Amino acid sequence: MGAVIYIFWRLTPGFHRRVKARTSFQDDDTTTKPLFKGILDRLRFLPIKKMDQRTSIKFCVKNEIKCADAFRMLTVANGEATLDRSNVYRWYKMFSEGREDVNDEERAGRPSTSTTDEKINEVEKMILANRRITVREVSEDLNISIGSCHSIFINDLGMRRVAAKFVPKLLNCDQKQHRLNIANEMLDSVRDDPNLLQRVITGDEVWVYGYDVETKAQSSQWKLPHEPRPKKARQVRSNVKVLLTVFFDCRGVVHHEFLPQGRTVNKEYYLQVMRNLREAIRQKRPDLWKNKNWLLHHDNAPAHTSLLVRDFLAKNNTLMMPQPPYSPELAPCDFFLFPKLKRPMKGRRYATLDEIKTASKEELKKIFKNDFLKCFENWKTRWHKCIISHGDYFDGDKIAWYKLYLNNQRKSFIYWSCKRIRPLIIEVFSVLGRSPDLRAWIFGSGLEDDNLAILASAKSIIYRYFVQVGLTGGPLIAWERRLTRRSTSPA
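Quick notes on the rules
Residues numbered from 1 in each chain as written. Predicted model: local features only at pLDDT ≥ 70, side-chain atom pairs only at ≥ 80, totals over all residues. Heavy atoms only, no water. Salt bridge = Lys/Arg side-chain N within 4 Å of Asp/Glu carboxyl O. Helix = DSSP H or I, 4+ residues; strand = E, 2+ residues; numbered from the N terminus. Buried < 20%, exposed > 50% of the residue type's maximum accessible area, 1.4 Å probe, protein only. Expected span 1.5 Å × (residues − 1). Arc of directions from axis to C-beta. Contact = heavy atoms within 4.5 Å. Phe/Tyr/Trp six-rings, centres within 6.5 Å; stacked < 30°, edge-to-face > 60°. Pairing = 2+ DSSP bridges. Core = buried A, V, L, I, M, F, W, Y, C linked by side-chain atoms within 4.5 Å. Disulfide = S-S within 2.5 Å. pLDDT = per-residue confidence, 0-100. Axes fitted to C-alpha atoms, helices over the stretch in contact; angles between N-to-C directions.

Caption draft 1: View of the pattern of salt bridges. Using the criterion set out here, one finds 16 salt bridges in the structure. A salt bridge links Lys 176 to Asp 392; the shortest N-O distance between them is 3.6 Å. Within this pair, whereas Lys 176 is found in helix 10 (residues 173–192), its partner Asp 392 is found in the loop between helix 16 (369–388) and helix 17 (401–420), the two being separated by 216 residues in sequence. The partner of Asp 249 in a salt bridge is Arg 285, with the nearest N and O atoms 2.8 Å apart. Here the residue Asp 249 occupies a position in strand 2 (residues 241–249), and Arg 285 occupies one in the loop between helix 11 (267–284) and helix 12 (286–291), the gap between them amounting to 36 residues. For the residue pair Asp 249 and Arg 285, the accessibility class agrees, reading buried in each case.

Caption draft 2: View of helix 7 (residues 117–129). Taking 1.5 Å of rise per residue, the 13 residues of helix 7 would be expected to cover 18 Å, and the 18 Å separating its terminal C-alpha atoms lies within 8% of that figure. Among the residues of helix 7, Ile 120, Val 123, Met 126 and Ile 127 are the ones counted as buried. Looking straight down helix 7, one finds that the buried residues subtend no more than 125° of arc, so they occupy a single side. For helix 7, the exposed residues lying more than 90 degrees away from the buried face are Asp 117, Glu 118, Lys 125, Leu 128 and Ala 129. Tucked into the core, helix 7 has its buried residues touching helix 8 (135–142) and helix 9 (146–156).

Caption draft 3: Representation of the side chain of Glu 329 within the structure. The topology assignment puts Glu 329 in the loop between strand 5 (319–320) and helix 14 (332–342). The residues contacting Glu 329, other than those within four sequence positions of it, are Arg 179, Phe 335, Arg 382, Tyr 393, Phe 394 and Asp 395.

Caption draft 4: A look at the packing of aromatic side chains. Applying the stated criterion across every chain yields a total of 7 aromatic pairs. The interplanar angle of 75° and the centroid separation of 6.2 Å between the aromatic rings of Phe 248 and Phe 376 together place this pair among those described as edge-to-face. Taken together, the residues span a long stretch of sequence, with Phe 248 in strand 2 and Phe 376 in helix 16 at a distance of 128 residues. Of the residues examined, Phe 248 reaches a relative accessible area of 0% and is grouped as buried. Look at Phe 376 and you get buried, because its relative accessible area is 3%.

Caption draft 5: Representation of unusual backbone geometry. The residue Tyr 326 is not glycine, and still its phi comes out positive at about 55°. Secondary-structure assignment places Tyr 326 in the loop between strand 5 and helix 14. You can call Tyr 326 partly exposed: its relative accessible area is 43%. The phi dihedral of His 390 falls on the positive side, at around 60°, and the residue is not glycine.

Caption draft 6: Broad picture of helix 5 (residues 67–78). For helix 5, which comprises 12 residues, the first-to-last C-alpha distance of 16 Å matches the rise-based estimate of 16 Å (1.5 Å per residue) to within 8%. When we look at burial in helix 5, the residues that qualify are Cys 67, Ala 70, Phe 71, Met 73, Leu 74, Ala 77 and Asn 78. Projection of helix 5 onto a plane perpendicular to its axis shows the buried side chains occupying an angular sector of 165°, all on one side.

Caption draft 7: Here's a closer look at the environment of Leu 295. Mapped onto the elements, Leu 295 comes out in strand 4 (residues 295–297). In sequence terms Leu 295 and Met 321 are 26 residues apart; their C-alpha atoms lie 6.2 Å from each other. Once you skip the residues sitting within four places of it in the chain, Leu 295 turns out to touch Leu 196, Arg 199, Val 200, Ile 201 and Leu 319.

Caption draft 8: Looking closely at the pairing of strand 1 (residues 200–209). For strand 1, a buried count of 9 out of 10 residues is recorded, marking the element as mostly surrounded by other parts of the structure. Pairing analysis gives 3 bridges linking strand 1 to strand 4, with the strands arranged parallel. Each residue of the ladder has a partner; that of Ile 201, found in strand 4, is Leu 296. Across 8 bridges, the pairing between strand 1 and strand 2 is antiparallel. Directly across from Gly 203, in strand 2, lies its bridge partner Phe 247.

Caption draft 9: Layout of the nonpolar core. Within the largest apolar cluster, 41 residues are counted, with the highest numbers of intra-cluster contacts made by Leu 337 and Trp 383. Among the elements that line this core, the one with the most residues is helix 16, at 7 residues. Among the nonpolar cores identified, the runner-up in size contains 20 residues, and Tyr 270, Met 274, Leu 288 and Ala 303 belong to it.

Caption draft 10: Molecular detail of the state of the cysteines. Scanning the model with the defined rule gives 0 disulfides in all. Looking at the unpaired Cys 60, the closest cysteine sulfur is the one in Cys 67, lying at 8.7 Å.

Caption draft 11: View of the confidence of the model for the protein chain. Per-residue confidence for the protein chain gives a mean pLDDT of 79; residues scoring 70 or more make up 70%. Segment residues 42–48 is flagged for pLDDT under 50; beyond a separation of four residues in sequence, or across chains, it makes 19 contacts in the model. Predicted confidence for residues 436–454 stays below pLDDT 50, and this span has 37 contacts to residues more than four positions away or in other chains.

Caption draft 12: Summary view of the pairing of strand 2. Most of strand 2 is tucked away, with 8 of its 9 residues classed as buried. Note: strand 2 against strand 3 (residues 252–258), 6 bridges, orientation antiparallel. When the sheet's bridge partners are listed, Leu 244 is paired in strand 3 with Phe 258. Between strand 2 and strand 3, which pair antiparallel and follow one another directly, the connecting turn spans 2 residues.

Caption draft 13: Structural view of the sheet that holds strand 4. One open sheet holds the 5 strands; their spatial order is 3-2-1-4-5, and the pairing between them is mixed. One side of each edge strand has no neighbouring strand; the edge strands of this open sheet are strand 3 and strand 5. The strands that helix 11 touches are strand 1, strand 2, strand 3 and strand 4; relative to strand 3, the one it contacts most, it runs at about 145°. Of the strands in this sheet, strand 1, strand 2 and strand 3 touch helix 15 (residues 353–365), which is tilted by about 20° from strand 2.

See below:
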């Protein structure tokens, strides 16, 4: 009986943690019978899975326990969930004949006629032809069940139905390419000067309302199963509002001001804002003001790009940071500051303009410096996302982190490699009689066909320099292939 107790001691999940031995294991019946009865009483509440029951049967076979005793123990231990008598005897016989596997053998069964490769290809063609087609329509056209059709959509094709996202504008090819070029340009600038974003001051205007409707997430609340779902009435924004202009950098807010009542944002008003901003930089950022190396970033609003403002910025040698049009997800004010400012104010009512201004100032003060630092780091990540998305909008799209990492690593390695061979580039271009253009060499453009022979003759110099700087692997192979391809291509 001690062996039987040990079987269930080892095979029953958690049994050894729940059952306290009332006596030591002995072979005499006077000690084991009461202990065995107590164990069976506890096993009644510990259901054993089918595979565990088969394992128990196998263990009984190995220990030469009779099948009837094994079935009785399984019944006491598992109750109604026990395998029926015929299954217990069948598995006992198979284990006695030498079987070791407790799993069921694969059976042919009825072959599926709905999820064949032909059906999956037909469903895929129909979806690609009409992205708004429903599961029911596909099911009726192909004469397959809705469940099988839904399984093909989800499991075989890995597709899911989503709603279209509102965007500021449907970008054309030129606008996407412009966004792509600016993202590449800014990433290259940051690689050249890692402290570049610490000198950027960005800003924009935003309307702050006396009452703004809560978001869907803000109005959500917990409820019990028997309680009705909470309701809310449809509301609109208040007509009481004030325009706030904010400029900030990675250390915090540099300057903010409110539009006076009765005025509009035109070139004259924005020119005065630029004067106030310069004064705020002189007082709050004396290091940037002394070095005169800070960069201004704002969007392409008419007041911002007016001739009057551009002349003022040029006169004061203010460096500009480019911003592609129709790109709020690439502007720190739009993707960071304004949502963080307005979210706590949604759902609250402010009766006067002074209350709105006071609340806005308080919310600006609550933003920590670390949040501004994360914003500028997120800005770089968004440039990478823009490149991966080929210049299109990317908010709401799932872009794998490894794509961002690979894009960043690939760009950094190529640029770093070419910067290390800058002396070689200058030497080769001096032979060609041209001024060196590092960026053209990085992207493989700007090389004329009539200079390919001279460039090919400099291959030994290139190879020697690559060996010298330790870049004898992939970079050398890439350069050799490019030179060979260009030298052998027809004119």
